[in-house]
Amino acid sequence: MPQPLRAAFLVLMLALLPAAGEAIYFRQQVSWKQRPKADEVDVRTAQEWQALWLDARPGEDFQREHAPGAMPLNAENWDELLPDVLKAWTPGRKLIVYCSAQSCDASREVARRLREEAGLKDVFVLTGGWEAWKTEHR
Amino acid sequence: MKMKVLLALGLLGSLSDVHASLKWEQSQVELHPAPGDATAVGTFKYTNTGNTVVHFKSVHTSCGCTTAAQTKDQAAPGESGEITATFKVGASTGVQQKSVRVETDDPNEPFTTLVLRAVIPQLMELRPTFIYWESSEAPKPKIIAVKAAKELNTRSLKVTSSNANFATKVQLAGPNEFKIEVTPRDTANPSDASLKIEPDGGGKAFYATARVVNPTRAN
Amino acid sequence: MSLVRGSSWVARVGLAGVFLFAGLIKVGEPARFATDIANYHLLPWSLGVGLAFYLPWLEITSALALFWRKATKGSAILIALSVTVFIVATILARVRGIDLSCGCFGHAGRNLSFAGHLALDFLLLGLALFLLWLPEPATDR
């Protein structure tokens, strides 16, 4: 193999190491199997928005720790929590819902009800949920 | 050579026939809580059909709204038992699916996922539960459509607005269906109201929110 | 000789600057970059995720390797190849009527027009080919 090609190959291999490390580090944030659904948003993008953050986890989890500025909204206390959320929201503001991890469906359910029942439009689900948020802010 | 060793090992394994195995009567339970129930409880029954003791290592639920409990820490050969999963209904609606992950020391099947499906009836459906006027908008009435479940036998609704700025009017829109017309007195200043909606048959109240709000710039 | 050396230096600094920037801005944003790749509708999702992890690091390593004498030509080859791939992907997307921010510079590049983007790509390709064309000792230093 001519020298430049060997060097090129070496560079290709070298790049693989940090890439693999990153892939392991961010394993919770990106699914290799399927593309995030259209209403999912990753932590970085979400933070650029002046969005209203909603925590769909159970109340105890919210009390222990939650994203700064996030409001609790879960199915158990829906009727009590929803009015405060609706009063904090302003037209044009996006809503981002998260639950504990990628696998939980509570955020998806909350987002669905906000859209169908409250008639809100820009409702997003945080990819990777709280776990992804934690990874980002470690 | 390798193949032979593997084969021999396999034979040995099947001859000794020491195995533990939990047989679940069903791995999915569907529940239909009655209107107003606070919890829905599903029971998953198992029997140890193996000839060694199976120990439960952990039982995890997929969501904080579900709790699971096993009555025993282990199952001796031939022994039966059950794991109960309790789903807190709260204000959930529609079909809720929660899973319970059971971990045992059974080498053949260390993990079992049990599924609890709860179909929760909705007594009253409000569409939407939220109406708002931007402060530049004219104070025209907006409608909340209400569908009540047949069981409620609703003939009229009582709507109470927490803020005098929002006037409400109820119209019958069909059998068990109503329209609530909400009109703000003015849309000059921000204000909000909680609308309490009660069926005449009594029971649980439902809530909607009305607001006059200053718009933010879209982001 | 000094002219050759000087121009080699300029070409390497230019290429490395752009590639380092493009790589660094995407590192740590795999989810977003994977979505950008998926928007080209050229690759299956899983492959795109792999690229989203790999490509930024490849850009960074090949940018740095430009300054390693023995690897200058090697990374010039890599850069020329990847820029060619970018050009093809951009044109394909355009031809198929897909509207996208190219994603090459993370979301900093969303204001780059199609023509501006292609012009930059061809400039980079030119620089890489120039480095390959230079006589071997020029890469000394």
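Residues numbered from 1 in each chain as written. Chains lettered and ligands numbered in written order. Predicted model: local features only at pLDDT ≥ 70, side-chain atom pairs only at ≥ 80, totals over all residues.

Undergrad: Honestly, the overall build of chain B in this entry has me stumped. Any pointers?
TA: Per the secondary structure count, chain B includes one helix and 17 strands. Looking at chain B residue by residue over its 219 residues, the buried ones come to 28%. Taking all contacts inside chain B whose residues are at least 6 apart in sequence as the whole, residues at least 24 apart take part in 63%. (Helix = DSSP H or I, 4+ residues; strand = E, 2+ residues; numbered from the N terminus. Buried ≥ 20, exposed ≤ 12 C-beta atoms within 10 Å, placed from the backbone. Contact = placed C-beta atoms within 7 Å.)

Undergrad: Looking at this structure, how should I read the interface of chain C and chain A?
TA: By a frequent convention, interface size equals the accessible area lost on bringing the separate parts together. In this complex, chain C contributes 24 residues to the contact, which on the side of chain A involves 25 residues. Secondary structure elements with two or more residues in the side of chain C that touches chain A: α2 (30-38), α3 (45-65) and α4 (72-95) of chain C. Here the side of chain C that touches chain A takes ten residues from α3 of chain C, the largest share from any one element. Its residues assigned to classes, the side of chain C that touches chain A comprises 15 nonpolar, five polar and four charged. (Nonpolar A, V, L, I, M, F, W, Y, C, P; charged D, E, K, R; others polar.)

Undergrad: Help me understand helix α6 (residues 129-136) of chain A in this model?
TA: Every α-helix carries 3.6 residues per turn, so stepping three or four residues along brings you back to the same face. All names here are of chain A. Taken residue by residue, α6 has Gly129, Trp130, Ala132 and Trp133 as its buried positions. All buried residues of α6 project into a common sector of 160 degrees when viewed along the axis, lining one side. Looking at the packing, one finds that the buried side of α6 touches α2 (43-48), β4 (95-98), α5 (106-116) and β5 (123-126). (Arc of directions from axis to C-beta.)

Undergrad: Teacher, can you tell me more about the sheet that holds strand β9 (residues 111-120) of chain B here?
TA: Strand pairing in a sheet relies on backbone hydrogen bonds. The paired strands run either parallel or antiparallel. All names here are of chain B. Taken together, five strands build an open sheet; the order of strands is β2-β9-β8-β4-β6 and the sheet is mixed. This sheet does not close on itself; its edge strands, each paired only once, are β2 (28-31) and β6 (74-75). For strand β4 (residues 54-61) and β6, the ladder comprises two bridges, and the chain directions are antiparallel. Bridge assignment links His55 to a residue of β6, and that residue is Gln74. (Pairing = 2+ DSSP bridges.)

Undergrad: Which parts of the structure should I look at to understand the interface of chain B and chain A?
TA: Listed as interface residues are 26 residues of chain B and, on the opposing side, 23 residues of chain A. Listing elements by their share of the side of chain B that touches chain A, those giving two or more residues are β11 (130-134), β16 (191-199) and β17 (206-213) of chain B. With four residues, β17 of chain B is the largest single contributor of residues to the side of chain B that touches chain A. Looking at the side of chain B that touches chain A, its residues break down into ten nonpolar, ten polar and six charged.

Undergrad: Honestly, helix α4 (residues 78-88) of chain A in this entry has me stumped. Any pointers?
TA: Here α4 of chain A has its buried residues at Leu81, Leu82, Pro83, Val85 and Leu86 of chain A. Buried-residue contacts for α4 of chain A involve β2 (52-55) and β3 (71-72) of chain A together with β11, β16 and β17 of chain B.

Undergrad: Could you clarify how one ought to interpret the sheet that holds strand β15 (residues 177-184) of chain B in this entry?
TA: All names here are of chain B. The antiparallel open sheet is built from four strands, whose spatial order is β10-β12-β15-β14. Bordering the open sheet on either side are β10 (124-127) and β14 (166-174), each of which pairs with just one other strand. Here the average twist between neighbouring strands, direction ignored, is 20 degrees. In terms of strand pairing, β14 meets β15 through eight bridges, oriented antiparallel. From the neighbouring strand, Val170 faces β15, where its bridge partner is Ile180. (Axes fitted to C-alpha atoms, helices over the stretch in contact; angles between N-to-C directions.)

Undergrad: How do you make sense of the pairing of β5 of chain A when you look at a structure like this?
TA: Where a strand is regular, its side chains alternate between the two sheet faces. Residue and element names in this part refer to chain A. Residues of β5 alternate between two faces, with Val123 and Val125 on one and Phe124 and Leu126 on the opposite face, all of them buried. Direction of pairing for strand β1 (residues 40-41) relative to β5: parallel, over a ladder of two bridges. The partner of Glu40 across the bridge, within β5, is Val125. Where β4 and β5 come together, three bridges link them in parallel fashion.

Undergrad: Looking at this model, I keep getting lost on the confidence of the model for chain B. Mind explaining?
TA: Detailed reading of the predicted model is not advised wherever pLDDT is low. Residues and elements named next belong to chain B. A residue-level look at chain B finds 87% of positions with pLDDT of 70 or above and a mean pLDDT of 83. Low pLDDT, under 50, characterises residues 6-16; the predicted model gives this stretch zero contacts beyond four residues in sequence or across chains. Across the interface, the model reports ipTM at 0.82; the global pTM reads 0.62. (pLDDT = per-residue confidence, 0-100.)

Undergrad: Whenever I open this one, the packing of helix α1 (residues 2-26) of chain C against helix α5 (residues 114-133) of chain C confuses me. Can you help?
TA: Geometry of a packed helix pair, given as the angle between the helix axes and the separation of the axes. All names here are of chain C. Viewed as axis vectors pointing N to C, α1 and α5 meet at an angle of 135 degrees, and their least axial separation amounts to 10 Å. Between α1 and α5, the crossing angle belongs to the class labelled oblique. Crossing of α1 against α5: the hand is left-handed. Touching Ser8, Ala11, Arg12, Gly14, Leu15 and Val18 of α1 are Leu124, Leu127, Ala128, Phe130 and Leu131, all from α5. Considering only residue class, the contact of α1 with α5 consists of eight nonpolar, two polar and one charged. (Parallel < 35°, antiparallel > 145°, perpendicular 65-115°, else oblique. Left-handed = near helix turned anticlockwise from the far one by under 90°.)

Undergrad: Where do I start with the environment of Ser31 of chain A in this structure?
TA: Residue and element names in this part refer to chain A. Note on placement: Ser31 falls in the loop between α1 (3-25) and β1. With 18 C-beta atoms packed within 10 Å, Ser31 lands in the partly exposed category. It is 9.1 Å that separates the C-alpha atoms of Ser31 and Thr127, two residues lying 96 residues apart in sequence.

Undergrad: Sorry, what's going on with the nonpolar core here?
TA: Side chains of a nonpolar character, in soluble globular proteins, are inclined to be buried together. Leu54, Leu95, Ile96, Val97 and Leu126 of chain A together with Val146 of chain B are the most contacted members of the largest nonpolar core, which has 55 residues in total. Those residues in contact with Ile96 of chain A that lie beyond four places of it in its chain are Val41, Ala46, Ala51, Trp53, Leu54, Phe124 and Leu126 of chain A. In this structure, Ala15 and Val30 of chain A together with Phe33 and Leu124 of chain C belong to the second largest nonpolar core, which totals 39 residues. (Core = buried A, V, L, I, M, F, W, Y, C linked by C-beta atoms within 7 Å.)

Undergrad: How should the pairing of β17 of chain B be read in this particular structure?
TA: Residues and elements named next belong to chain B. In terms of burial, β17 is largely enclosed, as six of its eight residues are buried. With five bridges connecting them, β11 and β17 associate as parallel partners. Bridge pairing in β17 places Glu134 opposite Val213. Examined bridge by bridge, β16 and β17 share seven bridges and lie antiparallel to one another. Within β17, the position partnered with Ser194 by the bridge is Thr209. With antiparallel pairing between neighbouring strands as the criterion, β16 and β17 make up a hairpin whose turn holds six residues, including Gly202 at a positive phi of roughly 85 degrees.

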